[in-house]
Structure formats: C-alpha cells, structure tokens
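Geometric and topological summary
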Amino acid sequence: MKYSGFEFDFERLEVYKKSIKLADFAFTLAKTFPKELQYSLGDQFRRAALSICNNLAEGSRKRGKSKEQFYGYALDSARECIPI
C-alpha cells in the first residue's frame, strides 16, 4: 500500500502481495461461516492470514537466521489456512 509515493521494500515482494489477497479472502470467507464458528474458526483463520503478512514484513528487514525464523513463522501461519 503506497502512502504519498512511499513504498516499503516488502511491499514489492510477490509473496507479500499474495498474502494480502489471502488475508482479504480470509476476512470475506469467514463472514460466511456458520454463526457458531464465527468467533472460533473464523477468528483463527483471519488471525493466521494476517500473521503471514506481518511476519513477511518483519522478516524482510532481518538477516540470516532471524530472517529465516520470521519467514518460517509466515509459512506456519499459511499452513493454518489450509482447509481440512
């Protein structure tokens, strides 16, 4: 997302752009869940999808093991979004 022409480096990453689309989809899809799942499964799905974006952004400025760690967290969160 650009603010006054400024763009963070991670915003150019294709995987980050796709994670934003997944987060948007997660929020839209969770609204269609049955009412009894809205605040449990729906909430977990939304938080996991947002976690992908957040960890990619944070990991983009790290180096070495720290970078791998954040990207690993993003991958773990992506796995949480896979339907059973």
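Structure: see above.
Residues numbered from 1 in each chain as written. Predicted model: local features only at pLDDT ≥ 70, side-chain atom pairs only at ≥ 80, totals over all residues. Heavy atoms only, no water.

Focus on the overall build of the protein
Using the following cut-off: Strands are runs of DSSP state E lasting at least 2 residues, helices are runs of H or I lasting at least 4, and numbering of each runs from the N terminus. Think of it in three bands: residues with accessible area under 20% of the maximum for their type are buried, residues over 50% are exposed, and the middle band is partly exposed, with areas taken using a 1.4 Å probe on protein chains only. Should any heavy atoms of two residues lie within 4.5 Å, those residues are considered in contact. Asp and Glu count as negative and Lys and Arg as positive, but His and the ends of the chain are not part of the count. To locate a charge, the coordinates of NZ of Lys, CZ of Arg, CG of Asp or CD of Glu are taken.
Broken down by element type, the protein carries 4 helices and 0 strands. In the protein, the order of α-helices and β-strands from amino to carboxyl end is α-α-α-α. Sorting the 84 residues of the protein into buried and exposed places 30% on the buried side. Considering only residue pairs separated by 6 or more positions, the protein has 48% of its internal contacts joining residues 24 or more positions apart. One way to put it: in the protein the 15 positive side-chain charges average out to a point 3 Å from where the 11 negative ones average out.

Structural notes on helix α3 (residues 41-59)
Definition in use: Helix span, expected: 1.5 Å multiplied by one less than the number of residues in the helix.
Under the 1.5 Å per step criterion, the end-to-end length of α3 is 27 Å for 19 residues, consistent within 8% with the ideal 27 Å. If you check which residues of α3 are buried, you get Gly42, Phe45, Arg46, Ala48, Ala49, Ile52, Cys53, Asn55, Leu56, Ala57 and Gly59. Buried-residue contacts for α3 involve α1 (14-30), α2 (35-38) and α4 (64-80).

Observations concerning the pattern of salt bridges
Worth spelling out the cut-off: Salt bridge criterion: a side-chain nitrogen from Lys or Arg within 4 Å of a carboxyl oxygen from Asp or Glu.
Evaluated as defined, the whole model comprises 4 salt bridges. Where Arg61 meets Asp9, a salt bridge forms, and the shortest distance between an N and an O atom there is 3.6 Å. Here the residue Arg61 occupies a position in the loop between α3 and α4, and Asp9 occupies one in the segment before α1, the gap between them amounting to 52 residues. For Asp9, a relative accessible area of 28% corresponds to the partly exposed category. When the shortest N-O distance is used, the salt bridge between Asp43 and Arg47 registers 3.0 Å. You can see Asp43 and its partner Arg47 sitting in helix α3, 4 residues apart, about one turn around the helix.

Shape descriptors only; they carry no functional weight alone.
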